[in-house]
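# Overview (structure and organization)
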Amino acid sequence: MSVRNLDAIFRPKSVALIGASNRPHSVGAVIARNLLAGGFDGPVMPVNPQHGSVAGVLCYPDAASLPMTPDLAVICTPPQTVPGLIAALGARGTRGAIVVTAGFREAGNAAGRKLDQDMLDAARPHLMRIIGPNCIGVLSTPVNLNASFAHGTPRRGKVAFVAQSGAMVATVMDWAGARGLGFSHLVSLGDMADVDFGDVLDYLAGDPDTDAILLYVEGITQARKFLSAARAAARLKPIVAIKAGRQSAAAKAAASHTGALAGIDAVYDAAFQRAGILRAYDLDEVFDAVETLAMRPNVAGDRLAILTNGGGIGVLATDALIGQGGRLAELAPETLSRLDALLPPTWSHANPVDIIGDADGRRYAGALAALLAAPEADAILILHCPTAIASGLEAAKSVIAVPNAEARPVLISWLGSSRDEDAGALFDAARLPSYDTPEKAVRGFIHLVRYRRGQEQLMEVPPAGDFSVDEGRARRAIAGALGSGDAWLDPVAVQELFEAYRIPIVRSQRVATAEDAAATAQAFGGTVALKIVSPDITHKSDVGGVVLDLVGADATAVAARAMLARVAKAAPAARLQGFLVQEMIRRPGAYELILGMASDATFGPFLLFGQGGVAVEQIADKALALPPLNLALAREMISRTRIYRQLKGYRDRPPVALEEVAATLVKLSRMICDLDAVIELDVNPLLADDKGVIAVDARVRVAEPQAGGQGTRRLAIRPYPGALACRETLGGVDFVLRPVRPEDAPAFVRFFARLEPEDIRLRFLAPLQALSAARLARLTQIDYDREMALVLFDAAQEIAGIARIAADPDSLNADFAVIVRSDLKGRGIGRLLLQRLIAYARQRGIGSLTGDILKDNARMLALCSSLDFAIAPAADAAGVVRARLVLQPETMNRMTREKT
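Residues numbered from 1 in each chain as written. Predicted model: local features only at pLDDT ≥ 70, side-chain atom pairs only at ≥ 80, totals over all residues. Heavy atoms only, no water.

## Things to note about the sheet that holds strand β6 (residues 96-99)
As a reminder of what qualifies: Paired strands, in this sense, are two strands between which DSSP finds at least two bridges. The way it works is that DSSP assigns letters per residue, a run of H or I at least four long becomes a helix, a run of E at least two long becomes a strand, and they are numbered from the N terminus. Between the N-to-C directions of two axes lies an angle of 0 to 180 degrees, each axis being a line fitted to C-alpha atoms and, for a helix, fitted only over the stretch in contact.
Overall, parallel pairing links the 5 strands, which are arranged β2-β1-β5-β6-β7 in an open sheet. Because the sheet does not close on itself, it has two edges, and the strands there are β2 (44-47) and β7 (129-131). Neighbour-to-neighbour, the strand axes of the sheet open up by a mean angle of 20 degrees, direction not taken into account. One ladder, built from 4 bridges, connects strand β1 (residues 15-18) with strand β5 (residues 72-75); its direction is parallel. Bridge pairing in β5 links Ala-16 to Ala-73.

Here you go:
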């Protein structure tokens, strides 16, 4: 479930309080007071057999005595009573419950877990949704609902705050109240037995009273649902998250460099980044970020111009900017000339633009106008120190009055008494984000930069790449280890696996004896490396199990015998199973990189990239990402490391083949998506230079998938469903039908160019001249867990037609649309696409398909009628009819009965 019946919790028409009380300071008394005094415009019905009235309102002895069915029940009775209450209320038709009571799963005992399950079992037949248990409650200001035992009522605002911790909700409400900040909703999720972050994000994404969303996260329970909901919501409104419990000792037990380098918090970072969530690290930063983003200034880049009347605070702002990854704008000669004409000779003549301590409003306004006209500045930060010479309030008024034709972001920090002269209120009224300190203002600018980058990543169209693989060969490579129970693939199997995915890797041969090693070295020719083979030794170099630069048979034999003795002494319990002879790769000047994969308990497999070599864990230069990756995501991942700047080339060092590095990450991502038996992987080092890449040492850990296999379910993001691709023949012409890929964007542009204006109008219900970048991204970059677009390609790899569905989060219904290239109409393509779409939706368990069709679209209406769609006028849109096909009659009939 997702948004189903959440309206009963956030916008109820009536509320019952089970466990209401007159006992001072009790939870039942506080919630009753908050519900009754909050201005909720609906019946509030206290329930408690021990009271005739609560807070002057008639009290009912039990739920069965209520005069009407409440939309929402707030329950604060002992835990053993809760399952029965849920069953009784659900049978009456109550659709939502907030269980404040503790003593369920969080108690950590079997009795608590059973109560938790009994409660869910009681709710499930009625589709009743439950917030909690063990929560403070829910506050929803659009309907004046305070169904909580918080100590007050928040101001109304456009920001929603969702937390697992009830104490954090109360703290944030108090903290924000002192700063004049308001909320649309405050939600304490508690133990998330039913409603979790993903459900609430789906609801808030469509909530007109919410412009921004704050999350306080202790842990995520359903990673795929959370990421799907977050990615969808982040396209519409800013999401800022603070994650508690950032430190973990879990990495100490990791067997691979990848596991040791990652750490649980870094995986959360990767997940938030992939979803477009802006991460903050303390409450102060959370609210600064929301205040900045709520103003919705659109920043084009990371170049900041600083305007100040004090050199010291300008330096502080510059330090903060560089430390957080921003850049000072380098002022162009034209800008400097404009400023020279306006400012006294003693101004700084550089950025920061120090206009001297006696600057009045006129000087501030002139300098700001010059900087707003400077294309080299992506945003302007204005700082003001209080002086006895000029009025800070006058300067504030002058700054606000300057026209900003380019709508360039302007951020403000009025310090000390200059802020107290009502300047802050003026900036708020002018919708200019203002901050207490220069450092906070710079942090606000960086929030804008990070938010823009996140939005661009959500919309970026990746380049196409050829990533064809031999999956059969790959599965054969790991079958031997799975059959024998070995945890780690032997080096020859690793070579087979990598070659199946077209990842360059050095030539290797496993041998049993020193004599065999000598013979193999002779056959390879040139220089070889010799490595010990043992299932009990993870890092070979730590026990003297690696010798490099061996030339010829004799040297290899001597080294092998010495290695056996050395390793046997260093690791006497290890099973020694021979040697690995590897071709030595001579790549002078090549960089040593690490690529890897490990699994997180919450988000499943993740990928790692960074600087490699023997000191990889000490250097700790890494970036993490969740699969699946495309080339654009791989490039972005690489750019987050310190070594990236070296890889781009410097002085006499040419840039490495970064496209090859990115392609290798994509191939590893594809491997992880295809082979659920691969559970851990290290490539260290991957040598990279201007000639390309090659894996020198790689280790792959495997395990037999659980019965039935998780398949792609182990991934937090559903990968490309390639199994849906098939060949189709119409009228003797062959086509390929497959799900859309982000790389199809250029083909979509060509397809759109071949559509007649009338066909565009009929498909999009309005004229459309071109596909914007944002629309193109939405059409080609889909969440395969909730959407599907089937694209039919002809022999020339041009699109012949497209059919798509977008399911609601509950999969009760999906909107559908079909369009055929104008020159191919009348050949049965539309029928084929819609039939395949129906089959797919039915297989996914979607309840019904619904499509809005213009009344004059006779061809589409005839097609839908022939496929048993019900056609009826759309009550909410003139000139539109609605076609609906029920795919799961039992589900839809049950829903109809429940609504009735």
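On we go.
## Some thoughts on the pairing of strand β32 (residues 787-793)
Selection rule: Exposure classes here rest on a 1.4 Å probe applied to the protein chains alone. A residue is buried below 20% of its type maximum, exposed above 50%, and partly exposed in between.
Burial within β32 is extensive, with 6 of its 7 residues counted as buried. The sheet contact formed by β32 and strand β33 (residues 799-807) spans 7 bridges and is antiparallel. Paired with Leu-790 across the strands is Ala-803, a residue of β33. Hairpin connection of β32 to β33: 5 residues between the antiparallel strands, including Gln-797 at a positive phi of 60 degrees.

## Here we look at the packing of aromatic side chains
Using the following cut-off: Working definition: a ring pair exists when centres of Phe, Tyr or Trp rings (six-membered ring for Trp) sit within 6.5 Å. Plane angles under 30 degrees give stacked, over 60 give edge-to-face, the rest tilted. Criterion for a charge above a ring: Arg CZ or Lys NZ at most 6 Å from the ring centre, at most 35 degrees from the ring normal.
Under the counting rule described, the total for this entry stands at 9 aromatic pairs. Ring centres of Trp-414 and Phe-427 lie 5.1 Å apart, and the angle between their planes is 70 degrees; this geometry places the pair in the edge-to-face category. On the criterion of sequence distance, the pair formed by Trp-414 in strand β19 (residues 410-414) and Phe-427 in helix α16 (residues 423-429) is long-range, its members being 13 residues apart. Summarising the burial analysis for this pair, Trp-414 and Phe-427 share the class buried. Put simply, the rings of Phe-226, Tyr-268, Phe-272 and Phe-603 pair up and form one aromatic cluster. The ring of Phe-764 is capped by Arg-763, whose NZ or CZ atom sits 4.5 Å from the centre of that ring.

## What to know about the pattern of salt bridges
Note the threshold: Here a salt bridge means any side-chain nitrogen of Lys or Arg lying within 4 Å of a carboxyl oxygen belonging to Asp or Glu.
The full count for this structure, using the stated rule, is 50 salt bridges. As a salt-bridge pair, Asp-288 and Arg-443 come within 3.1 Å of each other at their nearest N and O atoms. One end of the pair, Asp-288, is in helix α10 (residues 283-294); the other, Arg-443, is in helix α17 (residues 438-459), and 155 residues separate them in sequence. The salt bridge involving Glu-456 is made with Arg-452; its shortest N-O contact spans 2.7 Å. With Glu-456 and Arg-452 both in helix α17 and 4 residues apart, the pair spans about one turn of that helix. Note on Glu-456: relative accessible area 41%, which makes it partly exposed.

## As for unusual backbone geometry
Gly-132 connects to Pro-133 through a cis peptide bond whose omega is 0 degrees. The peptide bond linking Pro-627 to Pro-628 adopts the cis configuration, its omega dihedral lying at 5 degrees. One non-glycine residue, His-25, lies in positive phi territory at about 70 degrees. Turning to its location among the elements, His-25 is positioned in the loop between β1 and α2 (27-37). A residue is classified by how much of its surface remains accessible, and His-25, at 80% relative accessible area, is exposed.

## Let's talk about the nonpolar core
Short version of the rule: Nonpolar cores are built from buried Ala, Val, Leu, Ile, Met, Phe, Trp, Tyr and Cys residues. Side-chain atoms within 4.5 Å join them into one set. What makes two residues a contact is simply this: any of their non-hydrogen atoms within 4.5 Å.
If you look at the biggest cluster of nonpolar residues, it comprises 68 residues, and the most contacted ones within it are Ile-98, Leu-215, Phe-226 and Phe-603. With sequence-adjacent residues up to four places away left out, Phe-603 is seen in contact with Ile-220, Ala-223, Phe-226, Leu-227, Val-267, Tyr-268, Ala-271, Leu-626, Arg-714 and Ala-716.

## Quick look at α17
Cut-off, in case you're wondering: By definition here, a helix of n residues has an expected span of 1.5 Å times n minus one.
For α17, spanning 22 residues, the distance from its first C-alpha to its last is 32 Å, which sits close to the expected 32 Å at 1.5 Å a residue. Burial runs high along α17: 17 of the 22 residues are buried.

## Details of the packing of helix α23 (residues 631-639) against helix α25 (residues 658-674)
Applied cut-off: What sets the label is the angle itself: under 35 degrees gives roughly parallel, over 145 gives roughly antiparallel, 65 to 115 gives roughly perpendicular, and the rest give oblique. Crossings are assigned a handedness: left-handed for a near helix turned anticlockwise from the far helix by less than a right angle, right-handed for a clockwise turn. Residues are grouped as follows: Ala, Val, Leu, Ile, Met, Phe, Trp, Tyr, Cys and Pro are nonpolar; Asp, Glu, Lys and Arg are charged; all remaining types, including Gly, are polar.
At a closest axis distance of 9 Å, the pairing of α23 and α25 adopts a crossing angle of 110 degrees. Accordingly, the angle class assigned to the pair α23 and α25 is roughly perpendicular. Between α23 and α25 lies a crossing whose hand is right-handed. The residues of α25 that touch α23, namely those facing Leu-631, Ala-634, Arg-635, Met-637 and Ile-638, are Leu-658, Glu-659, Val-661, Ala-662, Ala-663, Leu-665 and Val-666. Partitioning the contact of α23 with α25 into residue classes produces 10 nonpolar, no polar and 2 charged.

## Regarding the sheet that holds strand β10 (residues 156-163)
The sheet built from 7 strands is open, its strands ordered β9-β8-β11-β10-β12-β13-β14 with mixed pairing. Both outer strands of the open sheet, β9 (145-148) and β14 (278-280), are each paired with one neighbouring strand and no more. Adjacent strand axes in the sheet meet at a mean angle of 20 degrees when their direction is disregarded. Relative to strand β11 (residues 183-188), β10 is paired through 5 bridges, and the arrangement is parallel. By the bridge assignment for β11, Arg-156 is matched with Phe-183.

## Some remarks on the pairing of strand β18 (residues 379-384)
Note the threshold: With the strands pointing away from the viewer, any crossover whose connection runs clockwise from the first strand over the helix to the second is right-handed.
The buried fraction of β18 amounts to 6 of the 6 residues, a majority that puts the element mostly inside the structure. Pairing geometry for strand β15 (residues 303-308) and β18, over 4 bridges, is parallel. The partner of Leu-304 across the bridge, within β18, is Ala-379. Once the chain exits β18 it traverses helix α14 (residues 392-401) before rejoining the sheet at β19, and the crossover so formed is right-handed.

## A word on the environment of Gln-843
Tracing the chain through its elements places Gln-843 in helix α29 (residues 829-843). On a C-alpha basis, the gap between Gln-843 and Ala-390 in space is 72 Å, while along the polypeptide they are 453 residues apart.

## Some words on the environment of Arg-338
Here Arg-338 is to be found in helix α12 (residues 333-342). Judged by relative accessible area, which is 38%, Arg-338 ranks as partly exposed. Separated by 33 residues in the primary sequence, Arg-338 and Leu-371 place their C-alpha atoms 9.0 Å from one another. The contact partners of Arg-338, leaving out residues within four places of it in the chain, are Ala-370 and Ala-373.

## Concerning the packing of helix α13 (residues 361-372) against α14
For the pair α13 and α14, interaxial distance at closest approach is 8 Å and the crossing angle is 30 degrees. With respect to α14, the element α13 is oriented roughly parallel. Here α13 and α14 pass one another in a crossing that is right-handed. Across the interface between the two elements, Gly-361, Arg-362, Tyr-364, Ala-365 and Leu-368 of α13 pack against Glu-394, Ala-395, Ser-398 and Val-399 of α14. Partitioned by chemical class, the residues of the contact of α13 with α14 number 5 nonpolar, 2 polar and 2 charged.

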